[in-house]
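Residue strings, one per chain:
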Amino acid sequence: VSDTSQRQEETQICRNSAAVSFHFLRAGHNLPLRYQSQISLTRSYDYCGFWGLICGERTQSLDVMEAILQVHPDVQGVFGANDEEALGAVEALKAAGIDPAERVIVGIDGTQVALESMCAGELTATVADLFADYARMIVEISSAILAGDAVEPEYELEGTLTTKDNLAEIIELTGYDITTCPLID
């Protein structure tokens, strides 16, 4: 398959809003050679201009995103497998002179620094892990086990998608000390 026909196929998939098929690129694909070795322990995926980073930490994510931006400066969005990875992408975009507010950048965890970044208009969203809810569920399951009751073999812990629309509520639920937030002030 030629690069041109592959790109046409990807474009068609991107245009099809009902598409459930994704085309992923291995980390390092079409990136400058000097980045190939440092990216070998990480993964990044491109789908219609939206990149997914699975790097483990902010520094690695920053490095990977800088390399991606050299080849794909038109990045439309970034999904980090955790907030630190998303924040590394924010830093890379800013270093490249791109306003993060003009892109979609999403992380997972709902950390204080991620919520602060949302308040600053940089991070678009995070999936907040509300640990008080998780702890309550663990206590309930543990109590059931101690009482000899049957419990399910698996439980799903759901995060809460946090956007500017529910940011104030999530800040209150987490108890983070965020006193200034132009999005909700």
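Preceding this paragraph is the structure being described.
Note that this is a predicted model, so its numbers are computed, not measured.

So, how was this worked out
Residues numbered from 1 in each chain as written. Predicted model: local features only at pLDDT ≥ 70, side-chain atom pairs only at ≥ 80, totals over all residues. Heavy atoms only, no water. Disulfide = S-S within 2.5 Å. Helix = DSSP H or I, 4+ residues; strand = E, 2+ residues; numbered from the N terminus. Buried < 20%, exposed > 50% of the residue type's maximum accessible area, 1.4 Å probe, protein only. Polar contact = N/O pair within 3.5 Å; in protein donor to acceptor, adjacent residues only side chain to side chain. Contact = heavy atoms within 4.5 Å. Salt bridge = Lys/Arg side-chain N within 4 Å of Asp/Glu carboxyl O. Pairing = 2+ DSSP bridges.

> In this structure, what is going on with the state of the cysteines? I would like to understand it.
As used in these notes, a disulfide is a covalent bond between sulfur atoms, one from each of two cysteines. Applying the stated criterion across every chain, the model contains one disulfide. Paired through a disulfide, Cys 119 and Cys 181 show a sulfur-sulfur distance of 2.1 Å. An S-S torsion of about -95 degrees defines the bridge between Cys 119 and Cys 181 as left-handed. Of the two residues, Cys 119 is situated in helix 5 (residues 112-119) and Cys 181 in the segment after helix 7 (167-174); the sequence distance between them amounts to 62 residues. A residue is classified by how much of its surface remains accessible, and Cys 181, at 2% relative accessible area, is buried.

> Explain the side chain of Thr 162 to me, please; I cannot follow it from the model alone.
With respect to the element layout, Thr 162 can be found in strand 6 (residues 160-162). Residue Thr 162 is classed as buried on the basis of its relative accessible area, which comes to 0%. Only 3.1 Å separates the side chain of Thr 162 from the backbone oxygen of Thr 160, close enough to count as a polar contact. Filtering out sequence-adjacent residues up to four positions away, Thr 162 remains in contact with Leu 115, Met 118, Thr 124, Ala 125, Thr 126, Ala 128, Leu 167 and Ile 170.

> What am I meant to see in the pattern of salt bridges here?
When charged atoms on two side chains of opposite charge get close, those side chains can pair. Applying the stated criterion across every chain yields a total of four salt bridges. Where Arg 58 meets Glu 84, a salt bridge forms, and the shortest distance between an N and an O atom there is 2.9 Å. With Arg 58 in helix 3 (residues 58-71) and Glu 84 in helix 4 (residues 83-95), the pair connects residues that are 26 residues apart, well separated along the chain. Residue class for Arg 58 comes out partly exposed when judged on its relative accessible area of 24%. Exposure remark for Glu 84: the relative accessible area of 30% places this residue in the partly exposed category. A salt bridge links Arg 58 to Glu 91, with the shortest nitrogen-to-oxygen separation between them at 2.8 Å. Taken together, the positions of Arg 58 in helix 3 and Glu 91 in helix 4 put the pair 33 residues apart, joining distant regions of the chain.

> Help me out: how do you make sense of the pairing of strand 3 (residues 77-80) in this one?
The side chains of a regular strand alternate between the sheet's two faces. Taken together, the three bridges between strand 3 and strand 4 (residues 104-109) define a ladder with parallel strand orientation. In the strand pairing of strand 4, Phe 79 is matched with Val 106.

> Is there a simple way to think about unusual backbone geometry in this case?
Peptide bonds are trans in most cases, and residues, glycine excluded, mostly fall at negative phi. A positive phi angle, close to 140 degrees, is found at Asp 109, a residue other than glycine. Of note, Asp 109 is situated in strand 4.

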